[in-house]
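Residues per chain are reported as follows:
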Amino acid sequence: MYTEVYPLEIQQGFTQDGVCVLMLYEPIESKRIPVMIGQHEAEMILLEKEGAKSRRPMTHELISSLFDSFNLALTEVSIDRFEEGIFYATLYVNDGFITKKIDCRASDAIVLALREEVAIKMDNKVIEETGFQTDNESELEIEEEETSIETLEALLHEHEENEEYEKAAELAELIEKLKNNR
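Throughout what follows, the structure given in this document is the object of discussion. (Residues numbered from 1 in each chain as written. Predicted model: local features only at pLDDT ≥ 70, side-chain atom pairs only at ≥ 80, totals over all residues. Heavy atoms only, no water.)

Once their charged atoms are close, side chains differing in charge can pair, the charge on each being opposite to the other. Scanning all chains against the criterion turns up 9 salt bridges. The salt bridge involving Lys31 is made with Glu128; its shortest N-O contact spans 2.8 Å. On the criterion of sequence distance, the pair formed by Lys31 in strand 3 (residues 31–38) and Glu128 in helix 4 (residues 124–130) is long-range, its members being 97 residues apart. Where Glu41 meets Arg105, a salt bridge forms, and the shortest distance between an N and an O atom there is 2.6 Å. One end of the pair, Glu41, is in helix 1 (residues 39–50); the other, Arg105, is in strand 6 (residues 99–105), and 64 residues separate them in sequence. Look at Glu41 and you get buried, because its relative accessible area is 13%. What makes Arg105 partly exposed here is its relative accessible area of 46%. (Salt bridge = Lys/Arg side-chain N within 4 Å of Asp/Glu carboxyl O. Helix = DSSP H or I, 4+ residues; strand = E, 2+ residues; numbered from the N terminus. Buried < 20%, exposed > 50% of the residue type's maximum accessible area, 1.4 Å probe, protein only.)

Structure (structure tokens):
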């Protein structure tokens, strides 16, 4: 059995270098599910959540364009299992006649689901194994709004420290747009 989950926030600094924690939220039992993802994947998820466009197509944007070009539809993504600290996901792609299942990293599946606006479902066994209980839903809504800009600012600082100025400039531009829209 599967339940829909939602990307809630991305946190940095809890694990080894370059690793972020994407917190998924399961609303029925108010559970949070932490998923370790790379910094690049974290940036892509944040950009998609904020509806920002990059100057050049990123990998998930390329895949989305391929879906459009070949009349394919991403109908859902699922996070099917958790083994040895790794989440395994599946993309469900339909060509109008049949649906194909494609193995995928959980972080990539989530970015594509956000881009294509489809459900992210997680096996209930995985939720039981990896999730933990939360109590306050209104607190979650506040955190989600605040965390996006804070996380983007932390990523901006990291890009500046690593002298990745092109990425830093794009993030700075995005942060400014987001602040002006609030």
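Moving on from the coordinates now.
The subject of this paragraph is the nonpolar core. In this structure, Leu24, Ile79 and Met122 are the most contacted members of the largest nonpolar core, which totals 34 residues. A per-element tally of this core places helix 3 (residues 106–116) first, with 6 residues. What Ile79 contacts, discounting residues up to four positions off in sequence, is Tyr2, Leu24, Phe87, Tyr88, Ala89, Ala106, Ile110, Ile120, Lys121, Met122, Asp123 and Val126. (Core = buried A, V, L, I, M, F, W, Y, C linked by side-chain atoms within 4.5 Å. Contact = heavy atoms within 4.5 Å.)

Right, let's get into the sheet that holds strand 6. An order of 6-5-4-7-1-2-3-8 is seen for the 8 strands of this open sheet, with the pairing classed as mixed. Whereas interior strands pair on both sides, the edge strands pair on one side only; in this sheet they are strand 6 and strand 8 (132–133). The sheet strands contacting helix 1 are strand 1 (2–12), strand 2 (19–26), strand 3 and strand 6, and the helix crosses strand 3 at an angle near 120°. (Pairing = 2+ DSSP bridges. Axes fitted to C-alpha atoms, helices over the stretch in contact; angles between N-to-C directions.)

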